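The residues making up each chain are set out below.
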Amino acid sequence: MGEHGSQRSLTVQWAASKERQMKVAGREIGDALDKLYEELETRLRVEAERELRVEASEQAALSNVAWSDGVVTVTVHEGVPTHALPHVLGVALQRVRQRLERYPVLLRPDGEQPEEAAMLRQGLRELVLSAEAEMQLEPLALDQEWETEQRHAGLKDMLRDAPPEWNGLGTGGNKLMALQYARFAIQHPPEMWEGLKKTFREQLPAAAENGEGVLQMIRKTGWGTPGACLQSLVAARNELAMHDVALIEDRRSGEVH
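Procedures and definitions
- Residues numbered from 1 in each chain as written.
- Predicted model: local features only at pLDDT ≥ 70, side-chain atom pairs only at ≥ 80, totals over all residues.
- Heavy atoms only, no water.
- Salt bridge = Lys/Arg side-chain N within 4 Å of Asp/Glu carboxyl O.
- Helix = DSSP H or I, 4+ residues; strand = E, 2+ residues; numbered from the N terminus.
- Buried < 20%, exposed > 50% of the residue type's maximum accessible area, 1.4 Å probe, protein only.
- Core = buried A, V, L, I, M, F, W, Y, C linked by side-chain atoms within 4.5 Å.
- Contact = heavy atoms within 4.5 Å.
- Phe/Tyr/Trp six-rings, centres within 6.5 Å; stacked < 30°, edge-to-face > 60°.
- Expected span 1.5 Å × (residues − 1).
- Axes fitted to C-alpha atoms, helices over the stretch in contact; angles between N-to-C directions.
- Parallel < 35°, antiparallel > 145°, perpendicular 65-115°, else oblique.
- Nonpolar A, V, L, I, M, F, W, Y, C, P; charged D, E, K, R; others polar.
- Pairing = 2+ DSSP bridges.

## Concerning the pattern of salt bridges
Alright, step 1. The final tally for this structure, using the stated rule, is 12 salt bridges.
Alright, step 2. Residues Glu132 and Arg97 are paired through a salt bridge, measuring 2.5 Å at the closest nitrogen-oxygen approach. Taken together, the residues Glu132 in helix α3 (residues 117–137) and Arg97 in helix α2 (residues 85–100) connect sequence positions 35 residues apart.
Alright, step 3. A relative accessible area of 8% means that Arg97 is categorised as buried.

Encoded structure:
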């Protein structure tokens, strides 16, 4: 799933103390993820004949998951504050679980792709599969404040700098912002989303309207199972006419939609 960039190999360690504490990038992150990590270690060894590793990286993304022969490598950005590390790592571990449980994956169609194709696939994937990951992590009550603030500021910047063509129906920018609208409506804290939603509707009314349509469709099908995620991904993809940039594989059957 892309290059890791400058990287330090830092597999998860356990602090030498009476109560063991998970350490990532040399920092103790508590025990909230212990059970999940150990379960995935065992499942990967038994079901996929792979070792689980966690590394720190200077890559652009907050986290990344790469599958290779004999190992699954989870990287987390070394700039993530310590209090935010458990949630960032937790989301990445959920992505590992999703693959083991054959959740759908997005594929790049053959042929020439528009410039924004990769971002559109990522936006579609995050809209549905991140919602499922967050649902799984919810009982752990992990600190998300830093990530929420980063996303909030990022969307504010996008709205402030949005070119007029992003409001044009059928454009890549319109589709990307519609996906962002739906994702924030689902995952952003309601008290923070209200102000952003107002700005969104003022700055990009057509993208907001398209995003509302996507939102209503995927709320009907949900994301609680591999089948529900498949239905939601296909429905959102079809609603935004993104067949040229995203194919969706049902990993349970191998069928491609």
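Further notes follow.
## Some thoughts on the nonpolar core
Alright, step 1. Residues Leu124, Leu127, Leu155, Trp193 and Phe200 are the most contacted members of the largest nonpolar core, which totals 40 residues.
Alright, step 2. Residue assignment for this core shows that the elements contributing at least two residues are α3, α4 (145–160), α5 (172–187), α6 (190–203), α7 (205–221) and α8 (226–239).
Alright, step 3. Counting residues per element, this core draws most heavily on α5, at 9 residues.
Alright, step 4. Sequence-distant contacts of Leu124, that is, excluding residues within four places in its chain, are made with Leu106, Leu179, Leu233, Ala236, Arg237, Met242 and Ala246.
Alright, step 5. Core analysis: the next-biggest nonpolar cluster, separate from the first, contains 31 residues, Leu36, Ala48, Val65 and Leu137 among them.

## Structural notes on unusual backbone geometry
Alright, step 1. The phi angle at Glu49 is positive, at roughly 50°, despite the residue not being glycine.
Alright, step 2. Summarising the element assignment, Glu49 is placed in the loop between α1 (34–48) and β5 (51–57).
Alright, step 3. A positive phi angle is found at Ala141, which is not glycine, with a value near 50°.
Alright, step 4. Position of Ala141 relative to the elements: it lies in the loop between α3 and α4.

## A closer look at the packing of aromatic side chains
Alright, step 1. Counted by the stated rule, this structure contains 4 aromatic pairs.
Alright, step 2. A ring pair is formed by Phe184 and Trp193, whose centres lie 6.2 Å apart and whose planes are at 35°; its orientation type is tilted.
Alright, step 3. For Trp193, a relative accessible area of 5% translates into the label buried.
Alright, step 4. Geometrically, the ring pair formed by Trp193 and Phe200 is edge-to-face, given 6.5 Å between the ring centres and 70° between the ring planes.
Alright, step 5. For Phe200, a relative accessible area of 0% gives the class buried.
Alright, step 6. Among the aromatic residues, those joined into a ring-pair cluster are Tyr181, Phe184, Trp193 and Phe200.

## Here's the deal with α7
Alright, step 1. An ideal rise of 1.5 Å per residue puts 24 Å on 17 residues; α7 measures up with 25 Å between its terminal C-alpha atoms.
Alright, step 2. Summarising the contacts, the buried residues of α7 are in contact with α3, α5, α6 and α8.
Alright, step 3. Looking one or two residues beyond α7, the residue adopting positive phi is Gly222, at roughly 75°.

## Thoughts on the packing of α6 against α7
Alright, step 1. Packing of α6 against α7 brings their axes to within 5 Å, and their N-to-C directions diverge by 120°. It follows from the interaxial angle that α6 and α7 lie oblique. Residue-level contacts link Phe200, Arg201, Glu202 and Gln203 of α6 to Pro205, Ala207, Ala208 and Glu212 of α7.
Alright, step 2. Residue composition of the contact of α6 with α7, by class: 4 nonpolar, 1 polar and 3 charged.

## Brief notes about the pairing of β5
Alright, step 1. By the criterion of burial, β5 is predominantly enclosed, with 5 of the 7 residues buried.
Alright, step 2. Examined bridge by bridge, β5 and strand β7 (residues 71–77) share 7 bridges and lie parallel to one another. Its bridge partner being in β7, Ala56 is matched across the sheet by Val76.

## Some details on the environment of Arg121
Alright, step 1. If you trace the backbone, Arg121 turns up in helix α3.
Alright, step 2. Sequence spacing of Arg121 and Arg108 is 13 residues, and the spatial spacing of their C-alpha atoms is 8.1 Å.
Alright, step 3. Those residues within four positions of Arg121 in sequence are excluded, and the remaining contacts are Leu106, Leu107, Arg108, Pro109, Gln113, Val245 and Ala246.

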